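One letter stands for each residue in the lines below.
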Amino acid sequence: MLNFMTKRLFVAALVAFTVSVIAFSLLRLSGDLATMIAGEDASAQDIEIIREQYGLNKPYHLQYLDWLGDGVQGDLGESMFYPEEVTALIKDRLPNTLTLAGLGVLFAMGLAIPMGVIAALRPDSWVDRTALTIAVLGQALPGFWFALMLMFVFGLFLRWLPISGNETLAHFILPAISLGYYSTPAVMRLTRTGMLEVLNSDYIRTAHAKGLPTFVILFKHALRNAIIPVVALSSVQFGNMLGGSVVTETVFQIQGIGHLAWESISRNDFPVVQAVLLLVACFYIVLVLLGDLLNAWLDPRLRVT
Amino acid sequence: MSALLEVKNLSVDIPLAAGMLHPVQKVNFHVDKGETLCIVGESGCGKSLTSLALMNLLPKKAIRAGDGILFDGDDLLKASHREMASLRGNRMGMIFQEPMTSLNPSFTIGNQMEEIMLQHRKVSRQEARDRAVYLLEKVGITGAHRRLGQYPHQLSGGLRQRVMIAMTLMCGPDLIIADEPTTALDVTIQAQILLLLAELQREFDMALILITHDLGIVARVADRVAVMYAGQVVEQGTVEQVFEQPLHPYTRGLLTCIPIPGKTKRGTHLGSIPGMVPSMIGGIQGCHFRDRCPHAFSDCLSNSVELRSIDEQRAYRCLLSPEESARQAAAMEAAQ
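Residues numbered from 1 in each chain as written. Chains lettered and ligands numbered in written order. Predicted model: local features only at pLDDT ≥ 70, side-chain atom pairs only at ≥ 80, totals over all residues. Heavy atoms only, no water.

1. Description of the side chain of Gln237 of chain A
Counted only if it meets this: Comment: elements are numbered from the N terminus, with helices defined as DSSP H or I runs of at least four residues and strands as E runs of at least two. Every residue pair with non-hydrogen atoms within 4.5 Å of one another is taken to be in contact.
Along the polypeptide, Gln237 of chain A turns up in helix 11 (residues 214-243). Setting aside residues up to four positions removed in sequence, Gln237 of chain A forms contacts with Ser183, Ala186 and Val187 of chain A.

Laid out in structure tokens, this is it:
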């Protein structure tokens, strides 16, 4: 188990390094940063001053090392728009995104896993078809449109929930549903397939032959094995929600990092974009790592490799 | 001796796109307390489905019918799901063909063994654990304590099948059904496992239904034998009767195919049965074996061939009298 963890941690560190290089390079590839910062009317002299000030005149590898060195110490530079450090800005916005994505994942799992199990128990029945319909809708509806419909029905028509802002937990309910619904189909289909396969396996027949009650067979013997691929998928979906909540955060006016990234890209606020990119990637890596470890705990066969 | 299990006209039908499949057709047999019945026959003759039907573990699509499966007086055909579950693993256990996949990969051997006893008996986990250790030692597994914490993938096929056997014994069942328990194992281990099973059957005084096509083992462990062909029992009798004096041409064919220690003479050619098992979709008219039978004549096609009982133990399904078919067989052998 220790060996397994060391290996996974090493791989995660490698990925993080690669991502940091890409985050750094992508922005430099998008054009001359000094020119963009200076604006359209700037003189050549102004641009040169800016280049000097931000260290953009140094060779790329030195720029990268400076950025990384500061970043490791918690200094990701200053925003060009807000009078704040990038770190402070992120610290301010991150909790909102985490709450949103966390609730989104809870909603997705809470809906998809039971639906997948029930669909697998009665394949091709009306329950299965209903679940499939819900799933296909989730995949097919454009996220922003579904968000607007939620706002319209639950916010404006029924007046049950707030539709904009992030002051209370209630503000997060509609955005979380809108964000989580998109992940539901994949998780549901995978749970269904996994359960169907496991329920036809020899060890489930053995469990029946042992005279175990149905719920023990379903929830101990079957689900434990069927859930393994779902865990891996869910960790990736969670990562997607952290990074991909731009639309949801914008539609619902939640001050999270997705919203921040979108603002910063449109303002050429490159220290912020870089930092958000790196942060989301790191979250992604940590989530995948956690998913792997959780799987190893669930499936003893994975621990040896 | 009273019958522990009595199977009356058991049939299994499976609806397929091509038509109704009749893999098991009005099968009759019984097993007494503490005896070993071997069911033999080639692949696809319905012996596995028969055993699954007894446990009510058939695939969902399959339809089970019959006049009764009496287990200690209770009709299992009429038993509710709950009644069946309380018998399974408790008073009747089953060992499957595939030891590699029959244990749950996510739980330890100990967990899977203890759970069966915790389900059916009022015992503490410690008592269940002690019983598991005792039985693992009984089935010849060394370091039983350590094994309890291991997962199935850490064990070889032979060991897993021993674990399956030990697990089946946890509640001290009256009947064990073993469906070709060694088919998936190395040849070197097959006989060991079968003999172990026979030994445990005697020691714990259980009835055993052993489904196999290893006639060498049948000769060593069986009390009685039922031979199945194309969904029907074609011959039944004590092991001595069936091996000394097979009444059905199919049984005779089977016996010439397989060398049996002490029975087959050195230097003689082993036989084979030409042809293939008929398709069991839709009804088959007449004798199921007639296309492959050296003695077949016109009546075999038209008449339906019933199982004829000679006495309580002995029955066969053939139009020819035993004397007539034995005479013909001897004549054919002489002609070769």
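2. A look at the state of the cysteines
Residues and elements named next belong to chain B. Which entries qualify depends on this criterion: Any two cysteine sulfur atoms within 2.5 Å of one another count as a disulfide. Exposure categories follow from relative accessible area, calculated using a 1.4 Å probe and restricted to protein chains: below 20% of the type maximum is buried, above 50% is exposed, and the middle band is partly exposed.
Scanning the model with the defined rule gives zero disulfides over all chains in all. Left unpaired, Cys287 is separated from the closest cysteine sulfur, that of Cys300, by 5.7 Å. Cysteine Cys293 shares no disulfide, and the gap to the nearest cysteine sulfur, in Cys318, comes to 6.1 Å. Among the residues examined, Cys293 registers a relative accessible area of 15% and is labelled buried.

3. Some points on a negative patch on the surface
Applied cut-off: Like-charged residues are merged into a patch within 9 Å and nonpolar side chains (Val, Leu, Ile, Met, Phe, Trp, Tyr) within 5 Å, provided each residue has over 30% relative accessible area and no salt bridge. Computed by Shrake-Rupley with a 1.4 Å probe, the accessible areas treat only the displayed protein chains as cover when residues are assessed. Salt bridges are counted wherever a side-chain nitrogen of Lys or Arg sits within 4 Å of a carboxyl oxygen of Asp or Glu. By the counting scheme adopted, Arg and Lys are positive, Glu and Asp are negative, and His together with the chain ends is not counted. Charged groups are reduced to one reference atom each: NZ for lysine, CZ for arginine, CG for aspartic acid, CD for glutamic acid.
A surface patch of negative charge is lined by Asp70, Asp75, Glu78 and Glu85 of chain A. Under the relative-accessibility criterion, Asp75 of chain A is labelled partly exposed at 31%.

4. Overview of the domain arrangement of chain B
Residues and elements named next belong to chain B. Short version of the rule: Domain segmentation is taken from an automatic or database assignment of domains. What counts as buried area is the accessible surface, traced by a 1.4 Å probe, that two parts surrender upon association, with contributions from both included. Amino acids outside the nonpolar list (Ala, Val, Leu, Ile, Met, Phe, Trp, Tyr, Cys, Pro) and the charged list (Asp, Glu, Lys, Arg) are all regarded as polar, and Gly is one of them.
Here the domain parsing of chain B yields domain 1 (3-91 + 173-335) and domain 2 (102-170). Counting residues at the interface gives 18 residues for domain 1, matched by 14 residues for domain 2. Taken over both partners, the interface formed by domain 1 and domain 2 buries close to 1,300 Å², and the fraction arising from carbon and sulfur atoms is 68%. Broken down residue by residue, the surface that domain 1 buries against domain 2 is led by Asn90, Leu196 and Phe204, which jointly contribute 30%. Across the domain 1-domain 2 interface, the total number found is one salt bridge. Linking Glu203 and Lys138 is a salt bridge whose minimum nitrogen-to-oxygen distance equals 2.9 Å. Put simply, the parts of the chain that give the side of domain 1 that touches domain 2 at least two residues each are helix 2 (81-87) and helix 8 (187-203). The element contributing the most residues to the side of domain 1 that touches domain 2 is helix 8, with seven residues. Along the lines of polarity and charge, the residues of the side of domain 1 that touches domain 2 split into twelve nonpolar, four polar and two charged.

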